[in-house]
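Report on the structure
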Amino acid sequence: MTNITTFLLMGFPEDQVLQRLYAAFFSLVYLMALMGNLLIITLTTIDQHLQIPMYFFLKNLSLIDICYISVTVPKSVVNSLTNSHSISFVGCASQVFLVVFFAGTEFALLLVMSYDRYAAICCPLHYEVLMNRGACVQMVRASWFSGCVYGSIHVAGTFSVHFCGSNIVHQFFCDIPSLLTLACSGEQTLEYAFIIGSCCFGFICFILLVVSYVYIFSTVLRIPSAKGRVKSLSTCLPHLTVVTLFFFSGIITYLAKNFISSSSLKVLISVLYTVLPPTMNPLIYSLRNWDIQMALGKLIAGKLFRRLFKFKYRRTIKGMVKLLWLLVFQELRISEDDDDSIHIKALIPRISIEMLHFVINKLQITISK
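Everything in this summary refers to the structure shown in the same document. (Residues numbered from 1 in each chain as written. Predicted model: local features only at pLDDT ≥ 70, side-chain atom pairs only at ≥ 80, totals over all residues. Heavy atoms only, no water.)

With that out of the way, let us pick up the pattern of salt bridges. The tally for this structure, following the rule as stated, stands at one salt bridge. Put simply, Arg-117 and Asp-116 hold a salt bridge, and the shortest N to O gap is 3.0 Å. (Salt bridge = Lys/Arg side-chain N within 4 Å of Asp/Glu carboxyl O.)

The next point concerns the side chain of Gln-95. Take Gln-95: it is sitting in helix 3 (residues 89-122). There is a polar contact of 2.8 Å between the side chain of Gln-95 and the backbone nitrogen of Cys-174. (Helix = DSSP H or I, 4+ residues; strand = E, 2+ residues; numbered from the N terminus. Polar contact = N/O pair within 3.5 Å; in protein donor to acceptor, adjacent residues only side chain to side chain.)

Attention shifts here to the packing of aromatic side chains. When we look at a pair of aromatic rings, we describe it by the centre distance and by the angle of the planes. Here the structure, examined in full by the defined rule, presents 20 aromatic pairs. A ring pair is formed by Phe-159 and Phe-163, whose centres lie 6.1 Å apart and whose planes are at 65 degrees; its orientation type is edge-to-face. Their ring planes at 40 degrees and their centres at 5.8 Å tell us that Tyr-213 and Phe-217 sit as a pair that is tilted. Within this pair, Tyr-213 and its partner Phe-217 are both found in helix 7 (residues 189-221), separated by four residues, close to a single helical turn. Judged by its relative accessible area of 4%, Tyr-213 falls in the buried class. Taken together, the aromatic side chains of Phe-7, Phe-89, Phe-159 and Phe-163 make up a single cluster linked through ring pairs. (Phe/Tyr/Trp six-rings, centres within 6.5 Å; stacked < 30°, edge-to-face > 60°. Buried < 20%, exposed > 50% of the residue type's maximum accessible area, 1.4 Å probe, protein only.)

All right, on to the nonpolar core then. Residues Phe-57, Leu-61 and Leu-109 are the most contacted members of the largest nonpolar core, which totals 57 residues. Core analysis: the next-biggest nonpolar cluster, separate from the first, contains 19 residues, Phe-7, Ala-93, Val-96 and Phe-163 among them. (Core = buried A, V, L, I, M, F, W, Y, C linked by side-chain atoms within 4.5 Å.)

Now for the pairing of strand 1 (residues 6-9). On strand 1, burial follows the alternation: Phe-7 and Leu-9 on one face are buried, whereas Thr-6 and Leu-8 on the facing-out side are not. Relative to strand 2 (residues 86-88), strand 1 is paired through three bridges, and the arrangement is antiparallel. Note that in strand 2 the partner of Thr-6 across the bridge is Ser-88. By the bridge criterion, two bridges tie strand 1 to strand 3 (residues 168-169) in an arrangement that is parallel. (Pairing = 2+ DSSP bridges.)

What follows covers a nonpolar patch on the surface. The grouping of Phe-203, Ile-207, Val-211 and Tyr-215 at the surface amounts to a nonpolar patch, some 390 Å² of accessible area in total. Along the polypeptide, Tyr-215 turns up in helix 7. (Patch = residues over 30% accessible without salt bridge, like charges linked within 9 Å, V, L, I, M, F, W, Y side chains within 5 Å. Areas by Shrake-Rupley, 256 points an atom, 1.4 Å probe, with all protein chains shown as cover.)

On to the sheet that holds strand 3, then. The three strands lie next to each other as 2-1-3, forming an open sheet whose pairing is mixed. Whereas interior strands pair on both sides, the edge strands pair on one side only; in this sheet they are strand 2 and strand 3. With respect to the sheet, helix 3 is in contact with strand 1 and strand 2, its orientation differing from that of strand 2 by roughly 85 degrees. (Contact = heavy atoms within 4.5 Å. Axes fitted to C-alpha atoms, helices over the stretch in contact; angles between N-to-C directions.)

This paragraph deals with the packing of helix 2 (residues 53-82) against helix 5 (residues 133-158). In a packed pair of helices, the relevant descriptors are the angle between the two axes and the axis-to-axis distance. The interhelical angle for the contact between helix 2 and helix 5, taken along N-to-C directions, is 25 degrees, at an axis separation of 10 Å. In terms of orientation, helix 2 and helix 5 fall into the roughly parallel class. For the crossing formed where helix 2 meets helix 5, the hand is right-handed. Facing helix 2, whose interface residues are Pro-53, Phe-56, Phe-57, Asn-60, Leu-63 and Ile-64, helix 5 presents Arg-133, Cys-136, Val-137, Met-139, Val-140 and Trp-144. Grouping the amino acids of the contact of helix 2 with helix 5 by side-chain chemistry returns 10 nonpolar, one polar and one charged. (Parallel < 35°, antiparallel > 145°, perpendicular 65-115°, else oblique. Left-handed = near helix turned anticlockwise from the far one by under 90°. Nonpolar A, V, L, I, M, F, W, Y, C, P; charged D, E, K, R; others polar.)

As structure tokens, then:
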């Protein structure tokens, strides 16, 4: 038994060129995740059309993803660039707590989001009562609290053991399975019991999530209109994709650690559940989400024309942009309702005429002044 004060994170190869490549790759992925999630938070905060429970939960999910990826990736990038692989005992314990904390919080929030979709589709008449502002805030608080409890239990179980021999962690961050391999024989029982208990509880929550989607799909299939079925499913598909990615990455990672002997391959597989979900979640929620796309378009248009037109006709130009945006939006909505394909070229004559009338009216008002 040794008194370990520092650990060495030796997940990446010692070759300097490979370490630089890993650092560049992780930096790029981290910036993508940071920008995507910050954009979601910004849009769901400033846009008045996104002030509903679904986007309130999405904003918290993006915040969790930023925190989750920030626990591991920046430290790994710094270690690769400085060729320093050490992390203190307290730093390692903090990393374990925060990783488990944010992962547990995200899992709990995904359950809350599935209940939100269940209430919206299966109980539409009672949705505003079930998902009022106070209830949503309490659900989010409960998610964060459960993640904190989950992280506290596992960090206590992991660091209650004595470490024997080497202090080398074959991983790019401190994770529980890698640390338990360094523990003295027979002392991992408590943490193994916590892991088994957590898996059982997680499995029960997963069953509840599956049951909620069984009710959702059965309700959707009873909707007589094909458009109604598509519209209802379109609000569930992003969440279902995120849940699948979250569970799939975690299961594949921990199964692979038991069947793969190569430490380098284990590190690459660990990227699945530490880097992939926070990076992909903003993309998944924005690809086919009309409300997010509309909010992003309005934000870009507003910022662009505030910079370009700062003088006399700024309000005129801004009004023209708003009119253009509303015309396109209304036309797209009409096309969707009529079940016709959307042809942007067909909008140009109408938009041009409306814009011309708008400009003439504005100039007449300006001249009369």
